[in-house]
Structure formats: C-alpha cells, structure tokens
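What the coordinates show
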Amino acid sequence: MSRLYDTVEPSVIDEDMLQKAVEEQGPKDEAGKIAKREGINLGDVLSLRLDFKNILKIDNLWEFTSLTKLQLDNNIIEKIEGLDVLVNLIWLDLSFNNIEVIEGLSNLKKLEDLTLYNNRISKIENIDQLSKLHVFSIGNNEIKDIKDMLYLRKFPDLKTLNINNNPVCSEDNFKMYVAAFLPNLEFLDYRLLDEQTKAAAYEKYQTQVEEQIDKDNKARAAKEMEEKREKEIQLHREAYVEYLNTEKLYTDMYADDPEGIKLNQMPGVDEMLVLFKEKIMAVCQQLFDLGLQEYEKRKGEVDMFWECVNEAKDENKELGMKAIEDFMGEKKRIFIELQHMTDSKQVENKVQEYNNLVTGVWDTLMGLELQLVDQLEEVIKDFERNMQDLVGIFLEGVQGYLTQAREHENVHNEKMIECATSTQEKGVKNELDEDISEDLKMLLVDRDTVMNAVTSSHDVHLLKIDNKEDDIVTRINTWLKNMIETIHHEQEIERNRSRVTEINHLVDHLRDEIDALDIVQGSF
C-alpha cells in the first residue's frame, strides 16, 4: 500500500496547514475577503479537508469542536489519535493511509459514516461506542477472521458495509454468512442485499444465527447487570457508604490480622465469630441506609440551590434585556433624527442625549449585576450553612454507628481474652485436641504470647474501624469544601467578572456606533 508521494517529507497537522485549509474551503469572493480579514473562528468550522497532505500524525484539531465532516484520506497516517475533542463528528474518512489498529474513536459517539478503506487493519475492534454507525468501509485491508462480522452485530443502524478485498472475503459463502448474521444490512460492497438473499442466508445459517442471538441476549443482559451494578456502586460512593451493605468491613478486619486468623482456630471461637460478624454487618447496614438517606437530602439541597441560582439569573437577564431593548428603541429614534439634522448645535445636543442614554443603560445593567451579586451571595450563604448542617448530621450518624462497631469489637475482644486464657491453660495441661495447627500451638506456649496476639488482633480491628471513619469524614468534608470553593470562585466570581466585561464591551460598542455615525455624517 505504498504512496506515490512517500518520498515527500512527512508532515504533521500544524496551524499554518489548518489556516490555509480553512481559508481555501471557506467563503469565496467578497464573503471570503471579509472572513479572511476578520478571521475565521475554528470552533465554527463544520467541514475540513486534509487529504493528500502527506500527513504522518493527526494533531492540533482541538479547536474544531463543531466539526461534523473530516477528510484525512490519502496521507501516511499510522495511528488514529488526536480526535477526542471532535465529539460532533458525523463523517470521517481515513482511507488510503497506513493505519494498523482501529483505536482513538471512542469519543465520537455521533459518528455515522466511517471510512478506513485501504489501510493495514487486521481486526475490527474498539468501535463499541459508535452506536449510530450507519456506513462502514473497511475494504482493502487485512481482515482475516470471519468472527469480526459478528462484532458488527453491535450496530443495529449499520446499513452499508464495504469489506471487499480482505482475506476474509475468500471464505466459502462469505456473502451469505454476512447476510445471515447482519440482517439489518442493506448494502454489501456497493450491492443491494435483497430480501430473497437474506431469506436464503437465514435458512442456510438458521441454527448458528439462533445460537448467536441467544449469546447476544445473554451478553446484553450481563452487560446491563454490570452497568446497573456500576451505577449502584457509583451512587454508594457519592453517598460515602460503598460496600457497607456487604461484609467487606468485617473481612477487612482480618485481611491484615494474621494473629487473629490463628486465634480463630481456638475451640469455641466459631460461634463467637458468627455473632460478632452479625453485629458488625448490622451496624454497617444501618450506616449504609443512613448514608443513602442523607445523600438524597444533600442532593435535594444542591438541586434546589441551582434552581434558585438559575431562577435569579434568568430574572436578572430578562430585566437586562428589557433595559437594552428600551435603549435600542431610543437609539433608533436618535439615529433617525440625526440623519435629518444640519445644525451642528442640534447634532451636538442629540449626540449628548445618546451618550447620556448609553451611560443610563450602563448604570442599569451594572445595577442589576450588583443586585444579582447580593442576591446570589445570600443564596450561597444559606446553601453553605444548610450543607454544613446536613454534612454534620451525617457525620454524627457515622461516628455513632462506628462507635457501636467499636463496642462490638471490645465485647468480642473480652470474649477472645477469656477463650485464649482458657485454651492456653488447657494447652499447659495437655487437654487440647491434637489436631490444632502448629501456628496456634506457637501462640499458646505461654500466657504473654497468646495475650499479645489477642491485643494485636484487637488493635488491627479498631484501626480498620478508625480508617473507615476517617475515610468517610475526609471525603465528605473535601467534597463540601471543593463544592463551596467552586461555587464562590468559578460560578460567582468568574461569572461576575465575565458579566462586567460583557457590559463594558457593550457600552464601548454603543459609543463607537455614534462615533462611526459622526464619521459618516461629515456635515456634522
């Protein structure tokens, strides 16, 4: 798959290449001159051709966020990359390149037409996220495995497939196989798949197709279950109680407790462990339930806060737009009157009237902004106070339940001390069964050794409970701190700065308009 221009120096996509391509493909004639003079916003470009540029590496496309069509065919690209930000892309042509692996496309969820014709690709993969794929061209590559056709069953909207000139096409009854396993396909290698062909194909492969449908259904169900589980775990994380509805805390207590595991082999400990586990898990379940309840309260408070903020902004915006609308009516009147004036004194007075109106609209808009700032400041203070109260209530509950867990551990520890003392004494008297482990025998050599083991186990358990409490406290306090800081800085300070700048730019523009009118009306 050599290129006629391989001897030319390979290039990367740089700013000069992009600017030139945009200008060449942009508006022509007078509109083109204006666009070139004023500059073209790359974020507004919808279509871009970069074919036959001898491009080796895809790069510097991050500004083309509105792009829907991109041609990169007939280059020497080896790797699909640098396309993550092109989330609005619908049509992508990477044909006639040197690509070996399909990758780097997972963010292009709107993609409908993908062309990878004439590359070096040996496997169809990594396009699971392209659920809207309608046209797929992968002809003239190195696809060998017919099972790759089964991968394409993931795309119910796929209507056109071009896969000719791949090794897999030499398989017996290849066309019939594709028609049977991709029943939604309408065109294969530029030819219509008629209903008669599809019916014959299904009849030929009916058993295998039905087996595949069953596999697909099971896989889909498993995926849905996994997604549901992940969604639930994410909810539990946001509530800071993940896995507390399981035996994880109890299991963690013994994960780093080798002494405790040995002690658990003592006669009579089994029943103690069952009771201890039940109590620890009951506390964890109560804490889990509390966490979800308090999360819903916090979420409700956050939603209500943003509702209030947006309502205040919308109301303020309407008042601002009304002020500008009133000004524009007066501006139109003044400009019409100016066009019919010849007396310089009248013109001067009218210009002064206009400037006074501009100052008035500035005062109104800035007044509205100050009013909004004060209003939002009160809303934020109330929100912060309410959220601190809610977090405090939750943490009080966390500490209360985990205190119960410590009490259960203390009771269990006392029982372990009694059991260890009794077992050690029996060991001294040779009254223990011979089948106890050597590890346990080593702990029972004297009272100090076995008591040290019990104490060590107890300390590990308490540490695990302490760590769980510290984890919850730290995470929710960090969340609250970051959220409040974000609201204060990014949502309010930055919004205010942006709004003040916007108002000043508007006023400057309005003043420039009267100046421009003065220049045009030379008789003034």
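The residue numbers shown here count from 1 along each chain, following its written sequence. Confidence filtering applies because this is a predicted model: local features only for residues at pLDDT of at least 70, side-chain atom pairs given and counted only at 80 or more, and all residues used for totals across whole chains, interfaces and linings. To obtain the side-chain values, all non-hydrogen atoms of the structure were used and water was disregarded.

**Quick look at the overall build of the protein**
- Here a strand is any run of E in DSSP of at least two residues, a helix any run of H or I of at least four, and the numbering for each starts at the N terminus. Along its length, the protein carries 12 helices and 10 strands.
- Its C-alpha atoms give the protein principal-axis dimensions of about 125 × 75 × 50 Å.
- Sorting the 524 residues of the protein into buried and exposed places 39% on the buried side.
- The contact rule is simple, with two residues in contact once any of their heavy atoms fall within 4.5 Å. Sequence-distant contacts, at least 24 apart, represent 59% of the contacts inside the protein between residues at least 6 apart.
- Of the accessible surface of the protein, which amounts to about 29,500 Å², a share of 50% is contributed by carbon and sulfur atoms. We call a residue buried when its accessible area falls under 20% of the maximum for its residue type, exposed when it is over 50%, and partly exposed in between, using a 1.4 Å probe and counting protein chains only. The accessible surface values rely on the Shrake-Rupley method and a 1.4 Å probe; as for residues, cover is taken only from the protein chains in view.

**Some details on the nonpolar core**
- Only buried Ala, Val, Leu, Ile, Met, Phe, Trp, Tyr and Cys residues count toward a nonpolar core, and they belong to the same one when joined by side-chain atoms within 4.5 Å. L50, L61, L70, F136 and L161 are the most contacted members of the largest nonpolar core, which has 60 residues in total.
- Top element by residues in this core is helix 4 (residues 174-181). It accounts for 6 residues.
- Core analysis: the second largest hydrophobic core is formed by 57 residues, I280, C284, L390 and L443 among them.

**Structural notes on the pattern of salt bridges**
- Each reported salt bridge corresponds to a side-chain nitrogen of Lys or Arg within 4 Å of a carboxyl oxygen of Asp or Glu. Inspection of the entire model under this criterion finds 32 salt bridges.
- Each of E330, R333, E337, K350 and E353 takes part in salt bridges that share partners, so that together they form one network.

**Side note on helix 4**
- With 6 of its 8 residues buried, helix 4 lies for the most part within the structure.
- Buried within helix 4 are the following residues: F174, Y177, V178, A179, A180 and F181.
- Taken together, the buried residues of helix 4 touch helix 3 (148-151), strand 8 (160-162), strand 9 (187-188), helix 5 (195-204) and helix 6 (206-238).

**Thoughts on the sheet that holds strand 2 (residues 47-49)**
- If you walk across this open sheet you meet the 8 strands as 2-4-5-6-7-8-9-10, and the pairing is mixed. Of all strands in the sheet, those with a lone pairing partner are strand 2 and strand 10 (191-192), marking the two edges.
- Looking at chain direction, strand 6 (residues 113-115) and strand 7 (residues 135-137) are connected through 3 bridges and run parallel. Residue pairing across strands places D113 opposite V135, the latter belonging to strand 7. The rule for pairing is simple: two strands pair if DSSP sees at least two bridges between them.

**Looking at the packing of helix 4 against helix 5**
- To get an axis, fit a line to the C-alpha atoms, keeping to the stretch in contact for a helix; angles then go from 0 to 180 degrees between the N-to-C directions. It is the contact of helix 4 with helix 5, at a shortest axis distance of 8 Å, that shows an interaxial angle of 90°. Here helix 4 is positioned roughly perpendicular relative to helix 5, judged by the angle of their axes. On helix 5, the residues touching K175, M176, A179 and A180 of helix 4 are T197, A200, A201, Y202 and K204.
- Under the grouping applied here, Gly and all other residues not named as nonpolar or charged are polar, the nonpolar ones being Ala, Val, Leu, Ile, Met, Phe, Trp, Tyr, Cys and Pro and the charged ones Asp, Glu, Lys and Arg. Grouping the constituent residues of the contact of helix 4 with helix 5 by class yields 6 nonpolar, 1 polar and 2 charged. Here the angle decides the label: under 35 degrees means roughly parallel, over 145 means roughly antiparallel, 65 to 115 means roughly perpendicular, and every other value means oblique.

**Here we look at a negative patch on the surface**
- Among the surface-exposed residues, E307, E311, D314, E315 and E318 lie close enough to one another that they form a single negatively charged patch.
- Mapped onto the secondary structure, E318 falls in helix 9 (residues 269-339).
- What makes E318 exposed here is its relative accessible area of 57%. Here the term patch refers to residues with relative accessible area over 30% and no salt bridge, with like charges joined within 9 Å and nonpolar side chains (Val, Leu, Ile, Met, Phe, Trp, Tyr) within 5 Å. All tallies of charge rest on Lys and Arg as positive and Asp and Glu as negative; His and the ends of each chain are not included. To locate a charge, the coordinates of NZ of Lys, CZ of Arg, CG of Asp or CD of Glu are taken.

**Observations regarding helix 6**
- Take the number of residues in a helix, subtract one, and multiply by 1.5 Å to get its expected span. Between its terminal C-alpha atoms helix 6 stretches 47 Å, which fits the 48 Å expected from 33 residues at 1.5 Å a residue.
- Each element contacted by the buried residues of helix 6 is listed here: helix 3, helix 4, helix 5 and helix 9.
- Looking one or two residues past helix 6, Y240 carries a phi angle of roughly 65°, positive in sign.

**Notes on the packing of aromatic side chains**
- Put simply, two rings from Phe, Tyr or Trp (the six-membered ring, in Trp's case) pair if the centres are within 6.5 Å, and we call them stacked under 30 degrees between planes, edge-to-face over 60, tilted for the rest. Evaluation of the coordinates by the stated rule reveals 11 aromatic pairs.
- Here the aromatic rings of Y177 and Y205 are separated by 5.5 Å at their centres, their planes lie at 85°, and the arrangement is edge-to-face. Separated by 28 residues along the polypeptide, Y177 in helix 4 and Y205 in the loop between helix 5 and helix 6 bring together distant segments of the chain.
- The exposure class assigned to Y205 is buried, which follows from its relative accessible area of 11%.
- Pairing F305 with F383 gives two aromatic rings, centres 4.2 Å apart and planes at 25°, and the pair type is stacked. Of this pair, F305 sits in helix 9 while F383 sits in helix 10 (residues 344-428); the two residues are 78 residues apart in sequence, bridging distant segments of the chain. A single burial state applies to F305 and to F383, both of which are buried.
- Taken together, Y177, F181 and Y205 form an aromatic cluster joined through their ring pairs.
- Taking NZ or CZ as reference, R298 lies 5.1 Å from the ring centre of F394, over its face.
- Cation over ring: R298 sits above W479, and NZ or CZ is 5.9 Å from the ring centre. Placement of a charge over a ring requires the Lys NZ or Arg CZ to be within 6 Å of the ring centre, with the centre-to-atom vector within 35 degrees of the ring normal.

**Focus: the packing of helix 6 against helix 9**
- Helix 9 packs onto helix 6 with a crossing angle of 80° between their chain directions and a minimal axis gap of 9 Å. The orientation of helix 6 relative to helix 9 falls into the category roughly perpendicular. Listed contacts from helix 9 to L235, H236 and E238 of helix 6 are F288, L292, Y295 and R298.
- Of the residues assigned to the contact of helix 6 with helix 9, the class counts are 4 nonpolar, 1 polar and 2 charged.

**Points about unusual backbone geometry**
- Positive phi values are uncommon outside glycine, yet Y190 reaches one of about 70°.
- Along the chain, Y190 falls in the loop between strand 9 and strand 10.
- One non-glycine residue with positive phi stands out, namely Y243, at about 70°.
- Take Y243: it is sitting in the loop between helix 6 and helix 7 (248-255).

**Thoughts on the environment of S437**
- In this structure, S437 sits in the loop between helix 10 and helix 11 (438-443).
- On the accessibility criterion, S437 (24% relative accessible area) is partly exposed.
- Spatially, the C-alpha atom of S437 lies 66 Å from that of M176, the residues being 261 residues apart in sequence.
- Think of a polar contact as two N or O atoms within 3.5 Å of one another; within protein, one of them needs to be a possible hydrogen donor and the other a possible acceptor, and neighboring residues in sequence only count if both atoms come from side chains. Here Q265 takes part through its side chain, which lies 2.5 Å from a polar atom of the side chain of S437.
- In terms of polar contacts, S437 uses its side chain to reach the backbone amide nitrogen of L440, at 3.2 Å.

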